[in-house]
Every structure is written in C-alpha cells, then in structure tokens.
Amino acid sequence: MESRWSDAEAHDAVARWGAAPNSNADLALRVYTSRLIGSDPRLVLHGGGNTSVKTRLRDDTGAEIEVICVKGSGSDLADLGPRDLPAVRLASLGALRALPALSDEAMVNAARVRLLDASAPNPSVELLLHAFLPGTSIDHSHADAILALVDQPDAERLCHAVFGDDLAVVPYVMPGFALAKLAAEVAEAHPKAHGLLLLQHGLFTWGDTAQAAYERHIAAVARAMAFISAHPATPPAPRRAHVDWPSLAPLLRGALGDVGGPWILRLRTGDTLRAFVDAPDLPDKALRGPATPDHVIRTKALPWIVDPTALAPDLAAGIAASLAHYRSSYQT
Ligand code: ZN
C-alpha cells in the first residue's frame, strides 16, 4: 500500500473546492485526502471511517473563527464535498472535556448548537474524539490490516512491537464521550506519537497538513499489512469435497425464492476464501459477529452457512430446512 497523494491533484482540489461557500484551502485538501482514503476498500468500506480538519472560517457576522470540520453522518468518504464536512465552533467544544460524562444525545446536541450552518448534516458521532486530539488534520479508519492486530488477545504487546512509539495504544472503551476523553489523555501522555491504535476499534493518525495525516495513515496500514504477511496465521485447512456450483445454485435460489427475490447469486472463491470456509471451526469463526461496524453495513450480522455434503441425500429439502433455521435464529 502506497500513498496516492499527488501535488497536481491537490492543487486541482484547492481550485475546485477551496472557493465554495464556507470553504477554504484546508477544507479542500481535506476533501481530497478523504476521497483518497474512501476509495480504497482496504481502508474503509462504504460509509465507514471519518476525517476532520481544524481551521478558520467566517461566521455570519463576517468574523473569522476557529472551527473543526468533521465528516457528517451518512456521507461517504469516497465522494464527499466541503458541505459533507460540517463546520463546528471549536472554542467551547474543548471545554466539554472537563465534564465527567456526556450522553450520546447530549453529544449530538453539543455538535448541533455549535454548527456554523444550522442546515448542515449532523457531524460524526466521533466529533469530540477528533476535537480533543492534538492534530490539525485527523484521519480515522477501521482498516482490516489494523483490526487484524488490534483484535488479537495480546494486541497491546503486538502493537508496540510493530509500531514502536509512532502510535500510542488506547484500551477498548465503547465509542462515545468516555472514549474521546481517554484517547486525548493517551495522546497527551505520548507526545512523540502521531496517531492512536484503538484496541478492537481502529486507527487514528494526525498531522499539521492533510498530506501528513493521510501519509501517516497509509504508512501505518502498510506496516500492519507487512507484519501480517510475514506472520501467516494458520496453515491452510484441508479442503472439503468440491461442490458443483451449477447444480447447487438453482437449489439455493429456489429456497431463497420462497422468501422474496428475485435473487442473483454469484460465486466468489479463491485460496483465502477456501481456507476460511473449509476450516473445521468455520461456524465458530463465522458466527462471532462482524469485526467492525463497517462490515455490519455490508455483510449484516450473521452469515447463512450451508454445508451441502451434510445435507445429502435430499439436498433441496436440506437447504430449505437450513434456511428456515437460519431465518428463525437471525430473528431471535
Ligand atoms: Zn471508529
């Protein structure tokens, strides 16, 4: 994984977005690198991740004030524009850190009452985390390679071994006000760090410029990817018997047809997928729930696992029964 930053594209971005209402060059470059991150599925899936920039914009009196522009809820990093990074007055946002607690509803309200544009979308739920962190530009993702490290039982030791002092480690806390405060404390306790690894959550990197934050993000994910490929997890499992897809697909589609449709089925396979689905402990691994909120959007909570070899001899009836069981267990 390499940086896709281009000086020429950055220049074009400033020309394209920097002059929009309530925008400037900082915001334009923030849009540019957000799109770079959002268009790489190794970093974020649709709707996932968020970015921010602390800058100065004019309010309705014409006065220039400090704001933080952070991705709005519901937008996608891959195609956002300046309006999708609503500006929030920064001055009194930092003072919220002194509060002992703040509910999710109060955090949403705190963001909305400080918006420069009252019609702007709700800023990301991770607004306060961005606001409390030291960087000017901040990038946040739930990149797969990072999760492969921070989801391990000995993640803290592993993260120190891979990233040294460059990234500080934040223990798991449910996203919300408590996490925003803890992340800021960890960042302050590690002044050499230019990013955070949030255990069982994801990666934050920051810098004085959009380019610095972005390139540190890419470098961190590249380091995680290199470590993973140098330490393969488990030897490939013995393969199950091959199932003839052209004869299986109509049976699956027939069973699914009883519960809606029409359905288009597509077979995806390959060494990695086969190693996963052929493993004896597939149900244990596959039914633990998705690794990140990004995956919930794309894959939903639980997969339907069908083992045709176990459903013989009446494969059609077996598939129908398996689907009925899946549906009832999903709904409970
Ligand atoms: Zn997150």
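Our structure's up above, just so we're on the same page.
Residues numbered from 1 in each chain as written. Predicted model: local features only at pLDDT ≥ 70, side-chain atom pairs only at ≥ 80, totals over all residues. Heavy atoms only, no water.

Trainee: Can you help me understand the sheet that holds strand 2 (residues 64–70) in this one?
Mentor: Sheets are built from strands that pair by backbone hydrogen bonding, the pairs being arranged parallel or antiparallel. The mixed open sheet is built from seven strands, whose spatial order is 3-2-1-4-7-6-5. For this open sheet the edge positions go to strand 3 (87–89) and strand 5 (168–170), each flanked by a neighbour on one side alone. Strand-to-strand twist across the sheet, computed as the mean angle between neighbouring axes with direction ignored, equals 25°. Across seven bridges, the pairing between strand 1 (residues 50–58) and strand 2 is antiparallel. Within the sheet, the bridge partner assigned to Lys54 lies in strand 2 and is Ile68. Contacts from helix 8 (residues 210–230) reach strand 4 (137–141) and strand 7 (202–207) within the one sheet, and its direction differs from that of strand 7 by about 145°. (Pairing = 2+ DSSP bridges. Helix = DSSP H or I, 4+ residues; strand = E, 2+ residues; numbered from the N terminus. Axes fitted to C-alpha atoms, helices over the stretch in contact; angles between N-to-C directions. Contact = heavy atoms within 4.5 Å.)

Trainee: What is the right way to read the packing of aromatic side chains from this model?
Mentor: The way to describe two aromatic rings as a pair is by their centre distance and the angle between their planes. Applying the stated criterion to the full structure yields four aromatic pairs. A centroid spacing of 5.6 Å and a plane angle of 65° characterise the contact between Tyr326 and Tyr330, whose relative ring orientation is edge-to-face. Placement of the pair is Tyr326 and Tyr330 together in helix 14 (residues 315–331), with a separation of four residues, close to one helical turn. Connected via pairs of aromatic rings, a cluster forms that spans Trp304, Tyr326 and Tyr330. (Phe/Tyr/Trp six-rings, centres within 6.5 Å; stacked < 30°, edge-to-face > 60°.)

Trainee: Explanation requested: the side chain of Thr51 in the structure shown.
Mentor: One can find Thr51 in strand 1. Not counting chain neighbours up to four residues away, the residues in contact with Thr51 comprise Arg30, Ser34, Ile37, Cys69, Val70, Lys71, Leu77, Leu85, His130, Ile138 and Asp139.

Fair warning: the whole summary comes from geometry, so function is off the table for now.
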